[in-house]
Amino acid sequence: MDEDALARLYKDFDAEHMIPLWTQTGELMPLSPTSRALPHVWKWDTLLPLAERAGELVPVGRGGERRAIALANPGLDGRPYTTPTLWSAIQYLGPREVAPEHRHSQNAFRFVVEGEGVWTVVDGDPVAMRRGDFLLTPGWHFHGHHNETDQPMAWLDGLDIPLAHYTGTGFFEFGPDQVTDSTTPDVSRSERLWAYPGLRPLSGLDDRPSSPIAAYRWEHTDRALTEQLALEDEGHPGVTGPGHAAVRFTNPTTGGDVMPTIRAEFHRLRAGASTAAKREVGSAVWQVFDGDGEVTLGDKEISVGRGDLFVVPSWVPVTVRAGTALDLFRFADTPIFERLHSYREETAR
């Protein structure tokens, strides 16, 4: 081989912004997924005090727009991303504060691990936020928040910001400085129309890309998980594994995921129960809602408790073991890869 000629060839490739595949195969075509994201845990008892300090120092109005603090994966070079496709953050709203309205093409949700007294207003529909509630703000819907109490409140935000940024598909638009409806109903209009098990209004027979239900209430999630474990006690099918109840939040117009890019689930483990080790294409973020236990991420074992968040990168095996009874919220980018026909999973037997 003429080493000088080869060196000149590579130099000419560089000059023309060309890269030969044979020098990149190991990185571009690995034998299995090798995400740059790393397994990591964020502890709630560290996150919340930091959010409180931000509440004292950082205004929430127009300009700053939201007091949301992203959970940045240590493997993603300082980007404010939890995984290459998912963004998660702690959002903090102080007493009597209003976060102004805006909309964006990125899909978003909120999950409340503690507190109440805030309403999120989605396209003019006020939606109460309470502990255990899972709330949607699909892409391009105006939304703002207002706190009607003398106490602050923090919650988990999840969005597909990294995906929109990478693909160059993001749009953003400011709305009013104040929310368009500051009333405080117990139940939103979207719930009054859509949130009845197995029933679909004849006024809404068109399929929608995202669920029209603004809030999936904790009392329904809790009841569904409780009944799964009760069926197991009675010897009937229903749980996803021994001592492991789980539900998926769905779009009632399609039966599919709540939003095109995000899957959301809730899991409950009896004390001492464990999930089978599983790995899958795509990434996921979990938050402990209640209880404590151990999580194994690859060869890394972590103790987790109420409010703690952990990230599972693509193809990293995860096992969850409950110490006490353990409740966990989970969201993932699985719908993206299912639509691309590139999803794969593997569960230990």
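The numbers attached to residues start from 1 for each chain and follow its sequence in the written order. Two thresholds apply to this predicted model, a pLDDT of at least 70 for residue-level local features and 80 or more for giving and counting side-chain atom pairs, whereas whole-chain, interface and lining totals are computed over all residues. To get the side-chain values, all heavy atoms of the structure are used, and hydrogens and water are removed first.

In the annotation of an unreviewed UniProt entry, the protein chain is listed under the name Cupin domain-containing protein and assigned to Amycolatopsis alkalitolerans.

Engineer: What should I look at first to understand the layout of surface pockets in this one?
Structural biologist: The gaps of empty space that remain are located by a probe, the size of a water molecule, rolled over the atoms. Cavities and pockets are found on a 1 Å grid laid over the protein atoms alone: a cavity is a set of points where a 1.4 Å probe fits but cannot escape, a pocket is an open set with protein on both sides within 12 Å along at least five of seven lines, and a lining residue has an atom within 4 Å of such a point. Grid points are joined across faces, edges and corners, and a volume is the space filled by probe spheres set on the points. Quantified by volume, the largest pocket comes out at close to 820 Å³. If you go around the largest pocket, you meet 23 residues; those closest to its centre are S35, R36, P84, T85 and Y166. Only DSSP runs of H or I with at least four residues qualify as helices, and only runs of E with at least two residues qualify as strands; both kinds are numbered from the N terminus onward. Those elements giving two or more residues to the lining of the largest pocket turn out to be α2 (25-28) and α4 (161-167). Across the lining of the largest pocket, the residue classes break down as 11 nonpolar, seven polar and five charged. Under the grouping applied here, Gly and all other residues not named as nonpolar or charged are polar, the nonpolar ones being Ala, Val, Leu, Ile, Met, Phe, Trp, Tyr, Cys and Pro and the charged ones Asp, Glu, Lys and Arg.

Engineer: Quick question: what am I supposed to make of the environment of L297 here?
Structural biologist: The topology assignment puts L297 in strand β17 (residues 293-297). Note on classification: 1.4 Å probe, protein chains only; a residue is buried when its accessible area is under 20% of the maximum for its type, exposed when over 50%, partly exposed between these limits. Residue class for L297 comes out buried when judged on its relative accessible area of 1%. Between the C-alpha atom of L297 and that of V312, which follows or precedes it by 15 residues, the distance is 7.0 Å. By the convention used here, residues are in contact when the closest approach between their heavy atoms is within 4.5 Å. Leaving out residues up to four positions away in the same chain, L297 has contacts with P39, H40, I302, F310, V311, V312, V316, P317 and V318.

Engineer: Looking at this model, I keep getting lost on the sheet that holds strand β14 (residues 263-269). Mind explaining?
Structural biologist: Paired through their backbone hydrogen bonds, the strands of a sheet run either parallel or antiparallel. For two strands to be treated as a pair, DSSP must find at least two bridges joining them. The strand order across the open sheet built from six strands is β1-β19-β16-β21-β14-β13, with neighbouring strands paired in antiparallel fashion. This sheet does not close on itself; its edge strands, each paired only once, are β1 (40-42) and β13 (244-248). Neighbour to neighbour, the strand axes of the sheet diverge by 20 degrees on average, direction disregarded. Sheet topology note: the β14/strand β21 (residues 326-332) ladder contains seven bridges and is antiparallel. Looking across to β21, one finds that R263 is bridged to A332. Interaxial angles span 0 to 180 degrees and are taken between N-to-C directions of axes, which are lines fitted to C-alpha atoms, for helices over the stretch in contact. This element, helix α6 (residues 218-233), spans β13, β14, β16 (284-290) and β21 of the sheet and lies at about 140 degrees to β13.

Engineer: Would you mind going over the UniProt feature "domain: Cupin type-2" (unreviewed entry) in the protein chain with me for this structure?
Structural biologist: UniProt positions are given in the numbering used here, feature names are shortened, and annotations may be inferred rather than shown by experiment. Mapped onto this numbering, the UniProt entry gives "domain: Cupin type-2" (unreviewed entry) at residues 91-157. Between the first and last C-alpha atoms of residues 91-157 the distance is 7 Å; the span itself is 0% helix and 61% strand.

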